[in-house]
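Observations on the model geometry
Residue strings, one per chain:
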Amino acid sequence: MSEVIVVTSGKGGVGKTTSSANVGTGLAKLDQKVVLIDTDIGLRNLDVVMGLENRIVYNLVDVVEGNCRIKQALIKDKRYPNLYLLPSAQTRDKTSVTPEQMKKLTDELREEFDYIILDCPAGIEQGFKNAIAGADRALIVTTPEVSAIRDADRIIGLLEANSMKKIDLIVNRLRPDMVKRGDMMSIDDVVDILAINLIGAVPDDEAIVISTNQGEPLVGSDTLAGKAYMNICHRILGEEVPLMDFSTENGLFAKIANLFKKN
Amino acid sequence: MSNNSVVIKSNKYGIVVRLDETTPYEELLEEIAKKFKESEKFFKDAKMVLSFEGRKLTQEEEQDILDVISQNSKIHIVCIIDEDEKREERFKKTLEDKLSDINSRDGQFYKGTLRSGQVLEAETSLVVLGDVNPGAKVISKGNVIILGALKGNVYAGASGNTSSFVVALEMNPVQIRIGDVIARSSDETKKNFDNEPKISYVEDGNIYIEPITKSVLNDINL
């Protein structure tokens, strides 16, 4: 049975696109047939993060307007044959698509794919309404900052009002050292405010910046963020994976990783 | 045959019954029964204030007429008032006072977390089973009781009743308003909150927030 998942946050710049790319790629790594849809019409960048910008011919608006068939617009990933991207249009805006059209599109894609991941734009306007229209499930991305949490709370309220069946939380850009010093909200503090199920936490990691710039999602790699995203993918598939302990010193993780490399 | 010994006039808040002075009392009662029966569908179960015109009535007679009205229609007569020029205004005030009185003693439950942007509004008192997050708002004409954390805005006694109160298990509101008195949270960021259940109420035009104790509860008037 296929599932349509929207990745959303309300606030911009908290890691929706990065999370979409990594969750999509991770699920493909776990042998799921996945399509990533960039719904941020006019400000597309999921293709850049995936390193597939040079392959774009048709886009989401072309599909909706009937200029091409869905198959023509889907870009096959260069690393995983069971991963596809439906890019957004850069020259149009959010009003080019309606929620009804998005629902029809996701319903058609359900027949082909196990997971349909929608990268939602920031805000609560048309773009957001389009992105959530066909979704069964939402991943809320937030950072441990009051402004991001406030927006996430608003988004959760809107999703609940739209009777979203399942809403899970990703706490992104966590700095364990700052939490320890009491300068940053902990995962528990965030979950306490938002009162929804936590599906994973991703530490603030330089490797993310590098991977984004290179167009190579780091999910499943040796980095802390790579492991955290892989754990989230396992949890999406319904597996029970304990939460990573970030408070462990980085050195120890590196040591363990090195140990495996030698073997 | 048209009989004008009884005339019913109504405004938004009440009914004026004009009674002919010369008609015998028994006949009048029959006519009242008939008139109210006819207009039963029009008034339905409206809550109204009643007033008489044109004839002096004793208390027993008023009671008789009330009985006749309740037997022949579904109107709830909230109270009876004397004839007056500014009748409609007084009707309105009396009805609203009566209703807000009833409302602050009546309550509704809401289960769930109120999130940023959500507004919960009620004519009666409210019991929220969940948190009120920053950016969310609870408005009630009566009292507000939050079995959770109050971190947003709350407005109790929204019809102007400053004897309303607000209770929360974790009292940390952005803004609190009771009747026409407003208080906001302090500008200093507190790091450690004592998560003790607290009550807010108005005294001498100021909002006070205090832990719930027996003596505070004794001072509450419902």
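Residues numbered from 1 in each chain as written. Chains lettered and ligands numbered in written order. Predicted model: local features only at pLDDT ≥ 70, side-chain atom pairs only at ≥ 80, totals over all residues.

All names here are of chain A. Ordered by their spatial adjacency, eight strands build an open sheet running β3-β4-β2-β5-β1-β6-β7-β8, and the pairing between neighbours is mixed. Strands with a single pairing partner mark the edges of an open sheet, and in this sheet they are β3 (75–76) and β8 (197–203). Here five bridges tie strand β1 (residues 3–8) to strand β5 (residues 115–119), and the two strands are oriented parallel to one another. Its bridge partner being in β5, V4 is matched across the sheet by I116. (Pairing = 2+ DSSP bridges. Helix = DSSP H or I, 4+ residues; strand = E, 2+ residues; numbered from the N terminus.)

Per the UniProt record, "domain: Septum site-determining protein MinC N-terminal" (unreviewed entry) is found at residues 6–80 of chain B. Annotation note: span residues 6–80 of chain B, helix share 43%, strand share 31%, distance between end C-alpha atoms 17 Å. (UniProt positions renumbered as here; feature names shortened; annotations may be inferred.)

Turning our eyes to something else, we now look at the interface of chain B and chain A. Of the residues lining the interface, nine residues belong to chain B; the matching set on chain A comes to seven residues. Residue classes in the side of chain B that touches chain A are distributed as one nonpolar, six polar and two charged. (Contact = placed C-beta atoms within 7 Å. Nonpolar A, V, L, I, M, F, W, Y, C, P; charged D, E, K, R; others polar.)

By a widespread convention, an interface's size corresponds to the accessible area lost as its parts come together. As far as domains go, chain B holds domain 1 (6–102) and domain 2 (106–218). For domain 1 of chain B versus domain 2 of chain B, the distance between C-alpha centres works out to 39 Å. (Domains from an automatic or database assignment.)

Looking now at the environment of T8(A). Residues and elements named next belong to chain A. The residue T8 is located in strand β1 in this model. Note on T8: 32 C-beta atoms within 10 Å, which makes it buried. With 131 residues separating them in the primary sequence, T8 and L139 have C-alpha atoms 6.3 Å apart. Look past the residues within four positions of T8 in its chain and what remains in contact with it is K16, C120, F128, A131, A138, I140 and I155. (Buried ≥ 20, exposed ≤ 12 C-beta atoms within 10 Å, placed from the backbone.)

With that settled, consider the environment of Q90(A). Residues and elements named next belong to chain A. Turning to its location among the elements, Q90 is positioned in the loop between β4 (83–86) and α5 (99–110). Classification of Q90 by C-beta neighbours within 10 Å gives partly exposed; the count is 15. In this structure, the C-alpha to C-alpha distance between Q90 and E53, residues 37 residues apart in sequence, is 11 Å.

Turning next to the UniProt feature "binding site: ATP" (unreviewed entry) in chain A. All names here are of chain A. Cross-referencing UniProt, the feature "binding site: ATP" (unreviewed entry) maps to K11, G12, G13, V14, G15, K16, T17 and T18 in the present numbering. For K11, the location among the structural elements is in the loop between β1 and α1 (16–29). The exposure class of K11 is buried, given the 20 C-beta atoms found within 10 Å. Structurally, V14 can be placed in the loop between β1 and α1. Classification of V14 as buried rests on a count of 25 C-beta atoms within 10 Å. Residues in contact with V14, not counting those within four places in the same chain, are S9, V141, T142, T143, A148 and N172.

Here we come to helix α1 (residues 25–38) of chain B. All names here are of chain B. Between the first and last C-alpha of α1 there are 20 Å, a value that for 14 residues agrees with the 20 Å anticipated at 1.5 Å per step. For α1, the full list of buried residues reads L28, I32 and F36. One side of α1 holds all its buried residues, which, seen down the axis, span an arc of 65 degrees. Exposed side of α1, more than 90 degrees from the buried face: E26 and E38 are the residues found there. Where α1 is buried, its residues meet β1 (6–10), β2 (14–19), α2 (40–43) and α3 (59–72). (Expected span 1.5 Å × (residues − 1). Arc of directions from axis to C-beta.)

Residues and elements named next belong to chain B. Where β1 and β2 come together, five bridges link them in antiparallel fashion. Bridge pairing in β2 places V7 opposite R18. In textbook terms, the turn of a hairpin is the stretch between consecutive antiparallel strands, and for β1 and β2 this stretch comprises three residues. As paired elements, β2 and strand β3 (residues 47–53) share five bridges and run parallel to each other. Its bridge partner being in β3, V17 is matched across the sheet by F52.

What follows deals with the sheet that holds β1(B). Within a sheet, adjacent strands bond to each other through the backbone by hydrogen bonds, running parallel or antiparallel. Residue and element names in this part refer to chain B. Overall, mixed pairing links the four strands, which are arranged β1-β2-β3-β4 in an open sheet. The two strands at the open ends of the sheet, each matched to only one other strand, are β1 and β4 (76–80). On average, adjacent strands in this sheet sit at an angle of 30 degrees to one another, irrespective of strand direction. Relative to β4, β3 runs parallel, the two being bridged by four bridges. If you follow M48 over to β4, its bridge partner there is I77. (Axes fitted to C-alpha atoms, helices over the stretch in contact; angles between N-to-C directions.)

Moving on, we come to the nonpolar core. Counting 78 residues, the largest nonpolar core has I117(A) and L118(A) as its most contacted members. When residues in this core are grouped by element, the largest group, eight residues, is from helix α11 (residues 224–236) of chain A. Leave out the neighbours within four places in its chain, and I117(A) touches I5(A), V7(A), S20(A), V23(A), G24(A), V34(A), L36(A) and I37(A). If you look at the next biggest cluster of nonpolar residues, it comprises 25 residues, including V144(B), I145(B), I146(B) and Y201(B). (Core = buried A, V, L, I, M, F, W, Y, C linked by C-beta atoms within 7 Å.)

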